[in-house]
Amino acid sequence: MSGDTLTVSVWRGDGDVGRYQEFEVPRQESQTVLDVVTYIQRHIDPTLSYRFACRVGVCGSCAMTVNGKPRWTCRTHVSKVAGDGRLEVAPLRNLQVIKDLSVDMTDFFDKWARAEGRFQGAQTRDDDFAQVSPDSPKRRRASAGIECIGCGVCYASCDVVAWNQDYLGPAALNRAWTLVNDVRDIADKQRLKAVAGDAGCHACHSQQGCVERCVKHLNPTQSIAGLKRATALAALKGELE
Amino acid sequence: MSAPNIQTEARLWLAQRVSAMVLAVCIAVHLGTIVYAVRGGLSAAEIIGRVAGSEAWFAFYSVFVIAVTVHAPIGLRAILNEMTKLPKTRVDLLCFLAAVLLAYLGLKVAWRFYMLGGA
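What counts as what
Note on numbering: residues in each chain are counted from 1, in written sequence order. Just so you know, chain letters begin at A and ligand numbers begin at 1, following the order they were written in. For a predicted model such as this one, the threshold for reporting local features is a pLDDT of at least 70, and the threshold for listing and counting side-chain atom pairs is 80 or more; totals across whole chains, interfaces and linings nevertheless cover every residue. Excluding hydrogens and water, the side-chain figures rest on all heavy atoms present in the structure. To count toward a patch, a residue needs a relative accessible area above 30% and no salt bridge. Like charges then connect within 9 Å, nonpolar side chains (Val, Leu, Ile, Met, Phe, Trp, Tyr) within 5 Å. Areas reported here follow the Shrake-Rupley algorithm with a probe of radius 1.4 Å; residue values treat only the protein chains shown as occluding. Definition used for salt bridges: Asp or Glu carboxyl oxygen within 4 Å of a side-chain nitrogen of Lys or Arg. Segments assigned H or I by DSSP are reported as helices when at least four residues long, segments assigned E as strands when at least two residues long, and all are numbered from the N terminus. In this scheme, a residue with accessible area under 20% of its type's maximum is buried, one over 50% is exposed, and one in between is partly exposed, where area comes from a 1.4 Å probe on protein chains only. Whether two residues touch is decided by their heavy atoms; if any such pair falls within 4.5 Å, the residues are in contact. Whenever a nitrogen or oxygen atom comes within 3.5 Å of another N or O atom, the pair is scored as a polar contact, on the condition that within protein one atom can donate a hydrogen and the other can accept it, and that pairs from neighbouring residues in sequence are kept only if both atoms are in side chains. The rule for a disulfide is simple: a pair of cysteine sulfur atoms within 2.5 Å. Planes of paired rings set the category: under 30 degrees apart is stacked, over 60 is edge-to-face and the rest tilted, where pairs are Phe, Tyr or Trp rings (Trp by its six-membered ring) whose centres lie within 6.5 Å. Criterion for a charge above a ring: Lys NZ or Arg CZ within 6 Å of the ring centre, and within 35 degrees of the ring normal.

What follows concerns a nonpolar patch on the surface. Residues and elements named next belong to chain B. There is a patch of nonpolar side chains on the surface, built from Ile27, Leu31, Ile34, Val38 and Leu42 and spanning about 430 Å² of accessible area. Following the sequence through the fold, Ile34 ends up in helix H1 (residues 6–37). Residue classification places Ile34 among the partly exposed positions, given a relative accessible area of 39%.

Turning our eyes to something else, we now look at the pattern of salt bridges. All names here are of chain A. Under the definition given, this model contains 13 salt bridges over all chains. A salt bridge links Arg93 to Asp159, with the nearest nitrogen and oxygen atoms 3.0 Å apart. Pair noted here: Arg93 is in the loop between strand S5 (86–90) and strand S6 (97–99) and Asp159 is in helix H6 (residues 159–163), with a separation of 66 residues, a long-range link. In this structure Asp159 comes out as partly exposed when scored by relative accessible area, which is 30%. Residue Lys99 is joined to Asp100 by a salt bridge in which the shortest nitrogen-to-oxygen separation is 2.9 Å. Here the residues in one salt-bridge network are Arg12, Asp45, Lys99 and Asp100, joined through shared partners.

Moving on to the environment of A:Asn174. Residue and element names in this part refer to chain A. By the element assignment, Asn174 lies in helix H7 (residues 170–180). Classification of Asn174 as buried rests on a relative accessible area of 2%. Considered as a pair, Asn174 and Thr106 are 68 residues apart in the sequence and their alpha carbons are 18 Å apart. Excluding residues that lie within four positions of it along the chain, Asn174 makes contacts with Gly145, Cys148, Leu218, Pro220 and Ser223. A distance of 2.9 Å separates the side chain of Asn174 from the backbone oxygen of Gly145, its partner in a polar contact.

Right, let's talk about the state of the cysteines for a bit. Residues and elements named next belong to chain A. According to the stated counting rule, one finds zero disulfides over all chains in the structure shown. No disulfide involves Cys154; its sulfur sits 6.2 Å from the nearest other cysteine sulfur, which is in Cys148. For Cys154, a relative accessible area of 11% puts it in the buried group. Cys214 forms no disulfide, and the closest cysteine sulfur to it belongs to Cys154, at a distance of 6.6 Å.

Tallied over the full model, the rule gives 14 aromatic pairs over all chains. On the numbers, 5.8 Å between centres and 50° between planes, the contact of A:Phe109 with A:Trp112 is tilted. Remark: A:Trp112 and A:Phe109 occur in helix H3 (residues 106–114); sequence separation between them is three residues, near one turn of the helix. Residue A:Trp112 is classed as buried on the basis of its relative accessible area, which comes to 17%. Pairing B:Trp111 with B:Tyr114 gives two aromatic rings, centres 5.7 Å apart and planes at 40°, and the pair type is tilted. Here B:Tyr114 and B:Trp111 lie together in helix H4 (residues 88–115), a separation of three residues that amounts to about one turn. What makes B:Trp111 partly exposed here is its relative accessible area of 43%. Here a set of aromatic residues connected by ring pairs shows up, and it is made of A:Phe108, A:Phe109, A:Trp112 and A:Tyr155. Directly above the ring of B:Tyr36 sits B:Arg39, whose terminal nitrogen or CZ lies 4.2 Å from the centroid.

Here you go:
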């Protein structure tokens, strides 16, 4: 890393209208992109809007487009992405911009609901705990996708989301797949109906932008492929009517 | 979003995947035959000599044509729905016509070659 300052272009604007504004930010050791954005807001321009909460990669609220790629900014070191001393920070793609770097996540999470992403069990508090073997195939498939933090990076990486506004997107479909594999859940039929079709799993082109960028190294494309198989099986049985 | 018929969509997807598996075998046999057939130069007489009157080749190419008839229009339908603003019913009609055309032309050729065997 050369020099002790960083030239940072930050997207400023409301909705679709805006422009990049340049800032000079002191370079520090182990500096993250979120540190840079926070420095600008605290020391240069307090009107800069952005979103964060935990700062340690748990909450999934600080995702932004960094040098053209969606990333979780709290866990992205400047040294990793700004080799030439330049940084460009923009809001996530495929989501409505509220202001500057903050996007409206409503569509993103509404699609989780549309994909029947809510656990629905049949047992009550009086029943004993369900016994689920960690080695069972269903538990393994659920575990493979369960660590999603809902940051929206996959959603911003997906070209199908960009051209098909109805498409549920990788995160919502991945969530649905973990529930399809949850042996305690009883809503599979309606869930498979919700995720089939050209707004659901069948719209996926398997381009794997989501896999490439997922901050938790999940594989939503694989989950979506699982949904394609499960819906095909349900269609053969006539269960999607 | 309007969901015309989720079940039909899922079945079409499955039909396309199954036909793709059939096509993978058919294309391998087809290409293998081409490589084998052109060893000593290609002639119409040689092709006719191989396939004319052969029930096996007629059956093979009939399966090939049917797999294409199932596979291609479903893909075409997805592309048209995604890349154009044509109404979905229009797209369905166009793709059905494409299927009919593919089946007619393909089966006609397979049948004519078979009949050259002098049945």
